[in-house]
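Structural overview
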Amino acid sequence: MKKTSLARLLAFLLVAITVVSSLVACGGKDKPTGEQGGGEWFITNHNEENPNIQQKDYEGHEFTFICQPYLDGTGAYSVNYLVSDGETGNHILDAVYRRNSDLTRKYNVTFKQMQVKDLITTVRSQVMGGGTEFDAIIGTAKDLATLARENLLLDLNSVDRFDMTKSYWDGNAAKDLKIGEKLYFTNCDLNVQELAFVVYFNKALIANDENLTSPYEYMENNEWTIDNWANLVKSVSQDVNGDGEYTETDRYGTLYEYHNGRMFLYGSGVRVTTNDSTGKPVVTLFDTNKAVTVYEKCKDVFSSASSWCINDMSGETHGYPDKWDYMRSLFCQDLYLFHYEGTNIIHQFADMESEFGIVPFPKYNSEQTNYTSMYPLFCAMFAMPNTLEGEELARAADIIEDMNYLSSLDLKQCWYDKLLKRRYTQDVESEANLEIIKNGRVYDVGLYYDFGGIRLKLVDLDVRNTNLNSTYKRLQRAIEADIKSTYSKFDLS
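Just so it is clear, the model here is predicted, and its values are computed rather than measured.

Concerning the pattern of salt bridges
Summed over the entire model, instances satisfying the criterion amount to 24 salt bridges. Put simply, D462 and R464 hold a salt bridge, and the shortest N to O gap is 2.7 Å. A relative accessible area of 8% places D462 in the buried class. When salt bridges that share partners are traced, they join K56, R161 and D398 into one network.

Here we look at helix α13 (residues 428-439)
Between the first and last C-alpha of α13 there are 17 Å, a value that for 12 residues agrees with the 16 Å anticipated at 1.5 Å per step. For α13, the full list of buried residues reads V428, E429, S430, E431, N433, L434 and I437.

As for the packing of aromatic side chains
All told, the structure shown has 32 aromatic pairs when counted by the stated rule. Taking the centre distance of 5.3 Å and the plane angle of 75° together, the rings of F264 and Y340 count as edge-to-face. You can see F264 sitting in helix α9 (residues 260-267) and its partner Y340 sitting in strand β12 (residues 336-342), a full 76 residues away along the chain. Note on Y340: relative accessible area 0%, which makes it buried. Between the aromatic rings of F331 and F349, the centroid separation amounts to 5.1 Å while the plane-to-plane angle is 40°, which identifies the pairing as tilted. Here F331, found in helix α11 (residues 323-331), pairs with F349, found in the loop between β12 and β13 (356-359); they are 18 residues apart in sequence, far enough to count as distant. Using a relative accessible area of 2% as the deciding quantity, one classes F349 as buried. Put simply, the rings of Y184, F185, Y448, Y449, F451 and F490 pair up and form one aromatic cluster.

Here we look at the sheet that holds strand β4 (residues 109-115)
Strand order in this open sheet of 4 strands is β4-β3-β5-β15, and the pairing throughout is mixed. Each edge of the open sheet carries a strand with a single partner, namely β4 and β15 (380-383). Put simply, the sheet's adjacent strands are angled 25° from each other on average, direction ignored. Pairing geometry for strand β5 (residues 136-140) and β15, over 4 bridges, is antiparallel. Across the sheet, the residue bridging to G139 is M381, located in β15.

Quick word on the confidence of the model for the protein
Residues at a pLDDT of 70 or more form 88% of the protein, whose mean pLDDT is 87. Here residues 1-25 is a poorly scored stretch, pLDDT under 50, and it has 29 contacts once near neighbours within four places are set aside; other chains count.

Description of the pairing of β12
Taken residue by residue, a regular strand's side chains alternate between the two faces of the sheet. Burial within β12 is extensive, with 7 of its 7 residues counted as buried. Across 5 bridges, strand β6 (residues 197-202) lies against β12 in antiparallel orientation. Residue pairing across strands places V199 opposite Y340, the latter belonging to β12. Judged from the 2 bridges that link them, strand β8 (residues 251-256) and β12 form a sheet pairing that is parallel. Within β12, the position partnered with T254 by the bridge is F338.

Rules of the game
Residues numbered from 1 in each chain as written. Predicted model: local features only at pLDDT ≥ 70, side-chain atom pairs only at ≥ 80, totals over all residues. Heavy atoms only, no water. Salt bridge = Lys/Arg side-chain N within 4 Å of Asp/Glu carboxyl O. Buried < 20%, exposed > 50% of the residue type's maximum accessible area, 1.4 Å probe, protein only. Helix = DSSP H or I, 4+ residues; strand = E, 2+ residues; numbered from the N terminus. Expected span 1.5 Å × (residues − 1). Phe/Tyr/Trp six-rings, centres within 6.5 Å; stacked < 30°, edge-to-face > 60°. Pairing = 2+ DSSP bridges. Axes fitted to C-alpha atoms, helices over the stretch in contact; angles between N-to-C directions. pLDDT = per-residue confidence, 0-100. Contact = heavy atoms within 4.5 Å.

This is the structure:
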C-alpha cells in the first residue's frame, strides 16, 4: 500500500491536538453566556452570529414540532434531537436539554415533539382546517415537497426574523431549494440528523493489499476520481469460503443499491435540475456529456464480479431488521471495500473491529474544483405551516432563530465533534473529510419533487440496465409538463 506522507500525518496530528485542546464541553465553539435579571435568563451578545433577540414572556406556550419518524424495521421512532427530559450522560440529548432549558428561561416556553405515522395527512388536515397543533415541521425532503406543492407551507424567506446569511442556516439549501424567490423548506443546525451521502471504505482491506492505494492518498494528490474509485472496486473480490460460488458472504469491492448511481452523478458535479434566473427548475442533466459517461462507468463497475447489489437480495436477514442492516454487518466483517450511505447509519459501525474511513463521492476528474455530495431525500429538513401569522408567527420565528443559534454552539458540535469524529471515525482524515462533505452538500428540487418521474423512473433505476438518454427521451414531455404545472401552482407573487 502506498503510504500517506509523514509530513501530512504530522500536520494532521498537530491539528487534532489543537482541536482537542480547544474543545469546550462538546463543541469547538464557546458556549453562550447568560445574565440573571429579575429571576430571568437571557443570552448575552456572545458573537457576531448571535441574533440578539430580546427576552420575552410567551406565557408557558408549548412549542411543538411535528415529526414523521424513520422506521428502522422494528417500528421504533427515530430520535430527532428536538426534546430531552434531562441530562443523563448521553452527549447529544444532554446538549438538547441544555439548549431547550436556555430557551425556556428566556421565553417561558416548553417543548414537545409530536410524532405521527403519516406526516402529510396530518399536516394537510390541520392546515386546511385553518389551525395547527404544531409550530414547526421536521419531515423528509420528499414529504415537504409534497406539502409545498399543495401550498401548505410558509415561505421562510418572508419571515423577517430569519437571517439566512447566518451559518446556522444552510446556505446551499437556501439557494438550491427556492421556487421562484420563495423557500418552503430548508436545512439548519437545529436539525442534526444527517450530513449527506458519503463513501465508507474498509481501511483493513486497503492496508492488507500493497497494490491498493488508499482513497485518503488519492484525495491528498487530488486524484480521488471516479476512474480511480472504479479501479479500486475491480481490484477486490475473493471466494472467501472456497466453495466455487459467489454469495453475499464472499469478498467484493463494493456493496451498492440501485439508486447509488445518482450519487456518483452529483459527486461528478451533475445536477438533475437547476433553477434558472426566475427560480424555475430546468433540466440540466444533459448540459454536458458527464452524466452519460458517469453512468457508463458505474454500469461497468456494478456489472462486474466485484460488486454485490442489495436490491437483488430477498429472504433471510439473519436476525437483522432488514437486508440493508444485514449487509452492513458484512461490511463490518471486512467483506466489502466500499459502501454508500448517509451518516445517519454510522452507529451501525461503532463496534466494527477494523477501522473504516469516510470520503466524499469521487470527482469526475482532477480538473473538477470541489467535492459535492447530495443530501438524501428521505432525510429530514425544516418547514413551517402557512397558518402562522401575526403574534404566533413572531413567537415561532423568535424561538426558531435562537434555537438555531444555540444549536450551532453546542448541539451541532456535540453531534459532529463528539459522535461523528471522536467516537466513530477514529482518524483525522475522516474528520477533515466530514468538513469537506458538509461544505459541498447539494440539494435538488428535481429529486424532491420528482418531476414527471425524473427520479423514480430515471436516475433511481438500476444503472446496469438503464440507458440514461433513451429513458429520458421517453419521459421528457411528462417531466417538462410537470415542472410547468408545479411551478404555476405556487403563489410566486
